[in-house]
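Summary of the model geometry
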Amino acid sequence: MVVGENEGRMRNMDSIIEVNNVVKTYKKRKTKEQIQAVNDVSFTVQRGEIVGLLGPNGAGKTTTIKMICGLLIPNEGSITINGIDTTTNRLDTLHHISAVLEGNRNLYWRLTVRENLEYFAGNRGQSVKEVKDDIDMLLKQFRLKDKEHELVNRLSRGMQQKLAIAVAMLADSEVILLDEPTLGLDIETGYEVRELLTEIAEKHNRTIIISTHDMDVVQALCERVIIINNGSVITDDPVKHLLKVFELKSYTLTLGSELDDSQIEKIKEAFPSYVYTADAYESLLEVDLEKSEHIYDLFDILKENHTIVEGIDRGTINFEQVFMKIVKGEEVHELGVSS
Amino acid sequence: MSWVSLLKANVRKEFIELKRYLPNTLATLFMFYIIFLGMFSGIQFIGDPSSQDMNTQYVIVNYLFWFLSMTVMNSIGFEVVNEAMRGTLEQLSMSPLGMWRIMLTRLVATTVIHFILIVGLLYASMLTAGQWLNLDLITILPILLLTLVSMFGVGFMIAGISMLLKQVQAFLQILQFLLVGLTFLPLSVAPFLAFFPFVKGVDLVREVMIHGMKLTEFGFMDYFILVVNAAVYFPLGLAIFLYCEKVAMQKGLLAHY
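This structure is a prediction, so every number in the text was calculated from the model and none was measured. (Residues numbered from 1 in each chain as written. Chains lettered and ligands numbered in written order. Predicted model: local features only at pLDDT ≥ 70, side-chain atom pairs only at ≥ 80, totals over all residues.)

Residue and element names in this part refer to chain A. If you walk across this open sheet you meet the six strands as β6-β7-β8-β3-β9-β10, and the pairing is mixed. Of all strands in the sheet, those with a lone pairing partner are β6 (97–100) and β10 (232–238), marking the two edges. Neighbour to neighbour, the strand axes of the sheet diverge by 15° on average, direction disregarded. In this structure, strand β3 (residues 50–54) lies alongside strand β8 (residues 207–211), joined through four bridges in parallel fashion. Within the sheet, the bridge partner assigned to G52 lies in β8 and is I210. Of the strands in this sheet, β3, β6, β7 (175–179), β8 and β9 (224–229) are in contact with helix α2 (residues 61–69), which crosses β7 at around 150°. Sheet strands in contact with helix α6 (residues 157–170) are β6 and β7, and its direction is about 175° off that of β6. (Pairing = 2+ DSSP bridges. Helix = DSSP H or I, 4+ residues; strand = E, 2+ residues; numbered from the N terminus. Axes fitted to C-alpha atoms, helices over the stretch in contact; angles between N-to-C directions. Contact = placed C-beta atoms within 7 Å.)

All names here are of chain B. The interhelical angle for the contact between helix α2 (residues 22–45) and helix α3 (residues 52–86), taken along N-to-C directions, is 160°, at an axis separation of 10 Å. Viewed along their axes, α2 and α3 adopt a mutual orientation that is roughly antiparallel. Considering how the two elements wind past one another, α2 and α3 form a crossing that is right-handed. Note on element contacts: α3 touches α2 through Q52, N55, T56, V59, Y63 and F67, opposite F32, I35, F36, M39, F40, I43 and Q44. Among the residues forming the contact of α2 with α3, the class breakdown is nine nonpolar, four polar and no charged. (Parallel < 35°, antiparallel > 145°, perpendicular 65-115°, else oblique. Left-handed = near helix turned anticlockwise from the far one by under 90°. Nonpolar A, V, L, I, M, F, W, Y, C, P; charged D, E, K, R; others polar.)

Moving on: the interface of chain B and chain A. With 26 residues of chain B in contact, the opposing surface of chain A contributes 26 residues. For the side of chain B that touches chain A, the secondary structure elements donating two or more residues are α1 (2–20), α4 (88–92) and α9 (220–251) of chain B. It is α1(B) that provides the largest number of residues to the side of chain B that touches chain A, a total of nine residues. Residue composition of the side of chain B that touches chain A, grouped by class: 10 nonpolar, 10 polar and six charged.

The subject of this paragraph is the sheet that holds strand β4 (residues 76–81) of chain A. Residues and elements named next belong to chain A. Here we have four strands laid out as an open sheet, ordered β2-β1-β4-β5, and antiparallel in their pairing. This sheet does not close on itself; its edge strands, each paired only once, are β2 (34–46) and β5 (84–85). Those strands touched by α2 are β1 (15–27), β2 and β4, and its axis lies near 120° from that of β1.

Here it is as structure tokens:
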């Protein structure tokens with residue numbers, strides 16, 4: 001038994017987090033109906049990797065993150081951090097993890113910035129003296145030095161968010177889990193937090209999992225994304241690869257005339273993720289092609305009404321578009337998982 | 001070392017919040033003092049004049065223990081509910097030291113800090129009533145420590161239940177009145193209450209403070225009951241807390257927002 005465990009650890013030296021076939025169901029309080037929040041989710045995260053956990057609201061991202069933190073016990077499956085099982089050796093795994101789960105809600109609003117940092121360090125068994133230099137460094141890095149004696153309830157939301165991240169950083173754990181780190185922030189503060197996270201990732205070499213709706217954060221920070229929908233992983237792929245694949249697949253056609261209803265129906269059937277816009281000035285059709293030869297099928301449909309193709313462009317695509325395409329048309333997920 | 005840092009952090013937090021919200025603290029103290037004045041006036045105007053002094057002394061000891069039991073046992077429940085609503089409970093349960101250790105140090109911190117307030121209330125009450133109680137610390141402290149251990153056990157039970165039940169506040173309000181009953185009722189009326197978490201302790205402290213009993217004058221059974229209560233309620237409370245924590249993690253109840 002012990003030998004087996006050791007073998008497991010040796011084999012997975014590079015992966016720091018292993019999520020294996022995890023299932024989580026909840027019972028609705030009133031109706032007692034079983035809700036499957038996470039269904040057979042598996043993935044691994046390598047040491048030093050920055051992974052984005054994406055999905056629409058209610059997809060199961062936060063449940064997954066909380067299970068990794070050991071705050072939720074899975075019904076089935078297992079999660080290990082550094083080879084240690086989060087269910088059977090929960091406290092041991094917590095030495096390796098810190099998290100920002102609800103941003104500014106994770107703080108004591110009646111304590112000052114410094115008092116919060118000292119209190120949370122104390123709760124991990126660190127003395128004020130021990131963490132003094134680290135706190136000073138973090139306050140400087142997070143540009144909170146001039147606010148160190150300010151009560152948290154008097155800080156802006158962005159500053160509270162930065163403090164919550166600083167608290168997680170102070171734990172000096174190998175893994176940091178961030179649930180919606182830029183949620184509810186204005187553009188400027190969101191940008192500042194993003195910059196801060198980039199700095200953390202580059203300078204501190206931590207393993208980071210970010211659950212977010214902010215695709216700018218994903219594109220700027222994450223090396224890999226895991227997209228969850230309806231409790232299941234639908235894509236697990238490097239960001240660059242997804243962008244490349246969708247860029248190759250995405251075509252924009254400038255048409256000489258408007259499409260008629262029958263053409264639109266046929267395009268809808270053959271290319272479900274199409275986008276068609278027509279106005280007095282131009283008629284544009286965006287389609288994703290699984291294989292480049294499928295463009296001939298499209299030409300056949302256009303030929304039916306003698307629609308002239310004035311131009312074809314390979315689409316430039318951002319991650320938000322990739323995400324929408326994946327979530328809207330889940331059938332493409334095989335493309336991601338296979339890599 | 002980690003225990004010391006944990007305790008220091010929680011005593012410090014408790015002290016900071018008490019100091020920072022001094023008007024609230026003073027208002028609570030004042031409210032308790034007013035309650036004492038009400039009871040004192042009742043004894044003066046309606047009570048039997050022949051037992052007035054004795055009754056006043058009983059009231060002083062009982063109401064201070066009521067304050068202590070509310071602080072130690074009830075406030076931890078309210079604290080857990082508030083932390084679950086605020087979102088900090090999840091952060092506490094992510095401590096590698098375990099949430100129970102944090103809760104234990106919080107119970108100790110709350111007791112230590114509020115003990116200073118209780119001493120203040122005691123002197124204010126004695127001064128008002130003109131009744132001076134026997135403050136034999138050598139006899140009182142061991143009894144009080146053992147009583148506190150069983151109180152902490154109940155504190156753990158309440159904290160655990162508060163994690164699971166969203167509407168626990170109503171129960172906590174009722175508990176305040178149950179605590180009045182348990183602290184004010186003499187053991188001679190209901191001897192079985194000696195096996196309740198802190199009733200025996202209150203009874204022995206009453207004997208010391210009112211009748212001037214010494215540590216050596218109590219019988220074996222008195223100490224036996226105190227020790228048994230401490231040895232049963234603390235582990236039982238801790239076990240219930242750990243069980244409730246596990247259930248909360250299974251059902252996703254660590255955050256109530």
